[in-house]
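Architecture and fold: a report
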Amino acid sequence: MAARTLGGGRWEVVKKGRRPAAGGNNKGGGRGDRRALGEANGVWKFDLTPPIQTTSTLYELGFEKIMKQQNKEQVPPPAVEPKKPGNKKQPKKVSTTTNQNQKQGRFRSLEAALKALDVAALQKELDKSQSMFSGNPSVWLKDLASYLNYKLQAPLSEPTLSQHTHDYPYSLVSRELRGIIRGLLAKAAGSLELFFDHCLFTMLQELDKTPGESLHGYRICIQAILQDKPKIATTNLGKFLELLRSHQSRPAKCLTIMWAVGQAGFASLTEGLKVWLGIMMPVLGIKSLSPFAIAYLDRLLLMHPNLTKGFGMIGPKDFFPLLDFAYMPNNSLTPSLQEHLCQLYPRLKVLAFGAKPEATLHTYFPSFLSRATPSCTPEMRKELLSSLTECLTVDPLSASVWRQLYPKHLLHSSLLLDHLLKSQERIPKKVWKSLQETIQSFRLTNQDLLRKSTSNNQDVITCEAACKALLQQAWGPRLPWTRLLLLVLVFAVGFLCHDFRSHSSFQACSAPLTSPLTRGPFTQPPFLAGCFNHLASCLLANKHVPSCTPTACKATAG
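Since this is a predicted model, take the numbers as computed values, not measurements.

**Notes on the overall build of the protein chain**
From N to C terminus, the protein chain includes 27 helices and 2 strands. When the accessible area of the protein chain is evaluated, it comes to approximately 34600 Å², of which 58% is carbon and sulfur surface.

Below, the structure written as structure tokens:
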């Protein structure tokens, strides 16, 4: 209830049970009443208004204008950028980036990081992991890879490590650390395939980060796995090929996959050829991946000079695409890569023909023959014709295969026949017998085709001319023994007649051919002596030589 006080002439709030204080006309009574009112209501008043902000003086404003004008004259104004809603979080990103850079740059090189690695601490962590997860060996392996990759933070390197040896970075690992890694891999032998996939997929995930961690720890684990068990990477190559195709737009990821799976080849030539044929040859047409694929093949063949261990790995389906890449013009390879592949081609050819070429070359003959055309390059034509000749020389079944293909490959066969005509001297004589039979069968086929008047008569005529020339050359070098013996006999008779005319008897002949006839065992039988004397008397008298009868010879001898 509000009432007007008598003394002060002001309004005052009066609550129940309260009365106005006596002596309301005392000095300062109003203030005391207001204080008591506030205490009675239980409210304490606080001054919550902020202090008044100070404004710049006119002098300061004028000074700032002068400074801004000077700065505009000295420094060009910055470009105005639109404000982004996430600008407030930018300092945090910069700080995290600097922290990651410091984390990567803790060691200047991987060698320094390995030297600083505490092997005892690693063993302690692995023991702890094995005790906590005694029934889950895959956890042990993941802890090993994570620990190594965290501790071995060194400068990043390109995905293929082409500037280092094939076993880098595992070659830098100390003997003690290798023992720990191999011991753990032996304990968790059943989880190695999953562990390999874990390392590879973790590396791919790190490549998505900008910048990501260095991957030396995972690389060391992959090399340690495949050095002893390379088949872990080659049991399911189709999976990795699909993974390559899914990341085809990311060359760094593709090269990382190829490097990881390719480590299996350095332990075994067989597994290396599986990897190359399975995931690297299919990507030869990709510009960013072809250099590593060919460089890997070169390193693989250099590391395994004994090619016999790789026999049976390359068949006709794999060999002829390589032939096309090496010699076919205007393909997807650059000239330098194509030349590099041509240098590797002879060793690939040895691997393809295998340990028993005499039983396998007839399977290569059809593809060689179909590629031999007048339009192919001289280098490719030379390689095809020499390979076809080798097939005919080494494998006897190649001739029968050629007979079956001949009617539909007249143009290709004409090139091969012409090549055989030019290189006849280098073909063994035993091979020529079967070739002559084959060429004779070709001539019969040519006659039948000419009778039918097919559209490719010109090819038939060309093949017929080559077959005829081959047969003539095959029969030409034979020595005419009959004519040669007849010529020798005529020469001997003429020489004897000349000797008889000069000396008038066999006894007086000085020729080395006639003297043995009269002084050797031929003089013993009187019949032979009579024959020679009778022949000599007839020749000296320029008479017709009569028939040599026993009576005449005995008479002359007597």
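**Observations concerning the nonpolar core**
One finds Trp276, Phe368 and Trp402 to be the most contacted residues of the largest nonpolar core, which totals 126 residues. With 8 residues, the top contributor of residues to this core is helix H16 (residues 335-353).

**Observations regarding the side chain of serine 129**
Counting through the fold element by element, serine 129 comes out in helix H5 (residues 119-132). Judged by relative accessible area, serine 129 falls into the buried class, the value being 4%. The residues contacting serine 129, other than those within four sequence positions of it, are Val139, Trp140 and Asp143.

**Details of helix H7 (residues 175-187)**
Taking 1.5 Å of rise per residue, the 13 residues of H7 would be expected to cover 18 Å, and the 18 Å separating its terminal C-alpha atoms lies within 8% of that figure. Next to the buried residues of H7 lie helix H4 (110-116), H5, helix H6 (137-151), helix H8 (192-208) and helix H9 (216-228).

**Details of the packing of H5 against H6**
In the contact formed by H5 and H6, the axes pass within 9 Å of each other and the chain directions differ by 155°. By the criterion of interaxial angle, the relationship of H5 to H6 is roughly antiparallel. When you trace H5 past H6, the crossing you get is right-handed. Contact residues: Ala121, Leu122, Glu125, Leu126, Ser129 and Gln130 in H5; Val139, Trp140, Asp143, Leu144, Tyr147 and Leu148 in H6. The residue makeup of the contact of H5 with H6, split by class, is 8 nonpolar, 2 polar and 2 charged.

**Looking at the packing of H7 against H9**
At a closest axis distance of 11 Å, the pairing of H7 and H9 adopts a crossing angle of 65°. Here H7 runs over H9; the crossing is right-handed. Only Ile220, Ala224, Ile225, Gln227 and Asp228 of H9 make contact with H7, whose side of the interface consists of Ile181, Arg182 and Leu185. Of the residues that constitute the contact of H7 with H9, the class distribution is 5 nonpolar, 1 polar and 2 charged.

**Brief notes about helix H21 (residues 410-422)**
For H21, spanning 13 residues, the distance from its first C-alpha to its last is 18 Å, which sits close to the expected 18 Å at 1.5 Å a residue. Where H21 is concerned, the buried positions are Leu410, His412, Ser413, Ser414, Leu416, Leu417, His419 and Leu420.

**Observations concerning a nonpolar patch on the surface**
Together, Leu486, Leu489, Val490 and Val493 make up an exposed nonpolar region whose accessible area comes to about 380 Å². In this structure, valine 490 sits in helix H24 (residues 481-503). Judged by relative accessible area, valine 490 falls into the exposed class, the value being 54%.

**Topic: the pattern of salt bridges**
Taken as a whole and judged by the stated rule, the model has 12 salt bridges. One salt bridge in this structure joins glutamate 390 and lysine 349, with 3.8 Å as the shortest N-O distance. With a gap of 41 residues between them, glutamate 390 in helix H19 (residues 378-394) and lysine 349 in helix H16 connect regions that are remote in the sequence. Judged by its relative accessible area of 13%, lysine 349 is buried. For glutamate 464, the salt bridge is made with arginine 443, and the minimal N-O distance between the two is 3.0 Å.

**Considerations on the side chain of histidine 419**
Looking at where histidine 419 falls in the secondary structure, it is placed in helix H21. There is a polar contact of 3.3 Å between the side chain of histidine 419 and the side chain of threonine 389. In contact with histidine 419, not counting residues within four places along its chain, are Leu385, Ser386 and Thr389.

**Side note on the packing of aromatic side chains**
Here the structure, examined in full by the defined rule, presents 15 aromatic pairs. Considering the side-chain rings of phenylalanine 320 and tyrosine 364, the 5.9 Å spacing of their centres and the 45° angle between planes classify their relative orientation as tilted. You can see phenylalanine 320 sitting in helix H15 (residues 316-327) and its partner tyrosine 364 sitting in the loop between helix H17 (357-360) and helix H18 (365-371), a full 44 residues away along the chain. For the pair phenylalanine 320 and tyrosine 364, one class covers both residues: buried. Joined through ring pairs, the aromatic side chains of Phe319, Phe320, Tyr327, Tyr345, Phe353, Tyr364 and Phe368 make up one cluster.

**Observations regarding unusual backbone geometry**
Residue proline 169 is reached from tyrosine 168 by a cis peptide bond, and omega for that bond is 10°. In this structure, proline 169 sits in the loop between H6 and H7. Here leucine 161, not a glycine, exhibits a phi torsion of approximately 55°, which is positive. Of note, the phi angle at asparagine 330 is positive, near 60°, even though the residue is not glycine. One can find asparagine 330 in the loop between H15 and H16.

**Quick word on the confidence of the model for the protein chain**
Of all residues in the protein chain, 68% attain a pLDDT of 70 or more, and the chain-wide mean is 78. Counted against residues more than four places away or in other chains, residues 1-8, with its pLDDT under 50, gives 13 contacts. Note that pLDDT drops below 50 for residues 543-548; the model gives that stretch 8 contacts with residues more than four away or on any other chain.

**Considering the environment of asparagine 149**
Inspection of the secondary structure puts asparagine 149 in helix H6. If near-sequence neighbours (up to four positions away) are discounted, asparagine 149 is found in contact with Glu213, Ser214, Leu215, His216, Gly217 and Tyr218.

**Remarks on the environment of tyrosine 147**
Looking at the secondary structure, you find tyrosine 147 in helix H6. With 25 residues separating them along the chain, tyrosine 147 and leucine 122 place their C-alpha atoms 7.5 Å apart. Dropping the residues within four chain positions of it, tyrosine 147 is found in contact with Leu117, Asp118, Ala121, Leu122 and Glu125.

Each value, and the rule that gives it
- Residues numbered from 1 in each chain as written.
- Predicted model: local features only at pLDDT ≥ 70, side-chain atom pairs only at ≥ 80, totals over all residues.
- Heavy atoms only, no water.
- Helix = DSSP H or I, 4+ residues; strand = E, 2+ residues; numbered from the N terminus.
- Areas by Shrake-Rupley, 256 points an atom, 1.4 Å probe, with all protein chains shown as cover.
- Core = buried A, V, L, I, M, F, W, Y, C linked by side-chain atoms within 4.5 Å.
- Buried < 20%, exposed > 50% of the residue type's maximum accessible area, 1.4 Å probe, protein only.
- Contact = heavy atoms within 4.5 Å.
- Expected span 1.5 Å × (residues − 1).
- Axes fitted to C-alpha atoms, helices over the stretch in contact; angles between N-to-C directions.
- Parallel < 35°, antiparallel > 145°, perpendicular 65-115°, else oblique.
- Left-handed = near helix turned anticlockwise from the far one by under 90°.
- Nonpolar A, V, L, I, M, F, W, Y, C, P; charged D, E, K, R; others polar.
- Patch = residues over 30% accessible without salt bridge, like charges linked within 9 Å, V, L, I, M, F, W, Y side chains within 5 Å.
- Salt bridge = Lys/Arg side-chain N within 4 Å of Asp/Glu carboxyl O.
- Polar contact = N/O pair within 3.5 Å; in protein donor to acceptor, adjacent residues only side chain to side chain.
- Phe/Tyr/Trp six-rings, centres within 6.5 Å; stacked < 30°, edge-to-face > 60°.
- pLDDT = per-residue confidence, 0-100.

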